[in-house]
Amino acid sequence: MLKEERHKFILNEVALHNRVLLTDIAEQLGVSIDTIRRDVKELDTEEQLKKVHGGAIALGFTNYATTNKNIYAQENKIIIAKKALSLISSGSTILIHGGTTCLELAKAIPNKLELTCFTTSLAVAMELLTKKGVDVLFIGGRLSKESQLAIGASAIHQLSEITLDYSFIGTGYVAVDYGLTEFDLESVQVKKAIIKASKKTVLLLISEKLNSKHRYKTCEINAINTMITEIDPKHTLLDNFRKQDIRLL
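These notes cover the structure that comes with them.

Basis of the calculations
- Residues numbered from 1 in each chain as written.
- Predicted model: local features only at pLDDT ≥ 70, side-chain atom pairs only at ≥ 80, totals over all residues.
- Heavy atoms only, no water.
- Helix = DSSP H or I, 4+ residues; strand = E, 2+ residues; numbered from the N terminus.
- Expected span 1.5 Å × (residues − 1).
- Buried < 20%, exposed > 50% of the residue type's maximum accessible area, 1.4 Å probe, protein only.
- Polar contact = N/O pair within 3.5 Å; in protein donor to acceptor, adjacent residues only side chain to side chain.
- Salt bridge = Lys/Arg side-chain N within 4 Å of Asp/Glu carboxyl O.

**Structural notes on helix 9 (residues 185-197)**
For helix 9, spanning 13 residues, the distance from its first C-alpha to its last is 19 Å, which sits close to the expected 18 Å at 1.5 Å a residue. Listed as buried for helix 9 are Ser-187, Val-188, Val-190, Lys-191, Ala-193, Ile-194, Ile-195 and Ala-197. Put simply, Asp-184 is the residue that caps the front of helix 9, since its side-chain oxygen is 3.2 Å from the backbone nitrogen of Glu-186.

**Quick look at the pattern of salt bridges**
Enumeration over the complete set of coordinates arrives at 11 salt bridges. Of the charged contacts in the structure, one is a salt bridge between Asp-39 and Arg-6, with a shortest N-O distance of 2.6 Å. Taken as a pair, Asp-39 in helix 3 (residues 33-45) and Arg-6 in helix 1 (residues 3-17) lie far apart in primary sequence, 33 residues in all. The exposure classification of Asp-39 matches that of Arg-6, with both residues buried. With a shortest N-O distance of 2.7 Å, Asp-239 and Arg-242 are connected by a salt bridge. Here Asp-239 pairs with Arg-242, and both are found in helix 10 (residues 239-242), just 3 residues apart, close to one helical turn. Here Asp-239 falls in the partly exposed class, since its relative accessible area comes to 34%. For Arg-242, a relative accessible area of 35% translates into the label partly exposed.

These values are about where atoms sit, not about what they do.
In structure tokens:
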């Protein structure tokens, strides 16, 4: 495979999943880790992604500012956010997790909607503070410098003491037979706590992530109540998911 082809593949994987590991990319492409390390270093120099220990992250993942121009598939994420908004009613207590799709949901909430909204994301919290009717509660803990999310035991403990009407979460990978998975074990532990605290959990994701999996499991697919993508719920890509005990929007 030519270097240009490797670079294109790496950038697409980083954009889709926010973060990738060098070992995974090397295995997928059948090349050495040193080769991928050099590729990532070059792409970092060109400011097309950010190199981190053992992998790379998308520029949009490191900066959730509302003016950020590096959000992958932003139009599709806006469609997902509008669908998710239809589930939220005034007076509800909800949680919006982190990630660019969840941030689009926070942006979409109208000022007139009165909510109590928890979040583990600094970016989501800052966006929610602009909404007049939203009472914002931040789930604190150790902050990930890369994702700007609260992680660790403190965040998990706080989540154990609340009950949510709805939680809105994203995922790096999802498959019918393997559920929701991530590359980051700490992220998995927080998401497990969110799901446990929620009466209903809503998964927000672009359709490109369907039928993919990684190392660490968050939950089975039927542990969530609703899955929202940008595509029509009757789309053939969702055929296998439609057979599960979940609602598709």
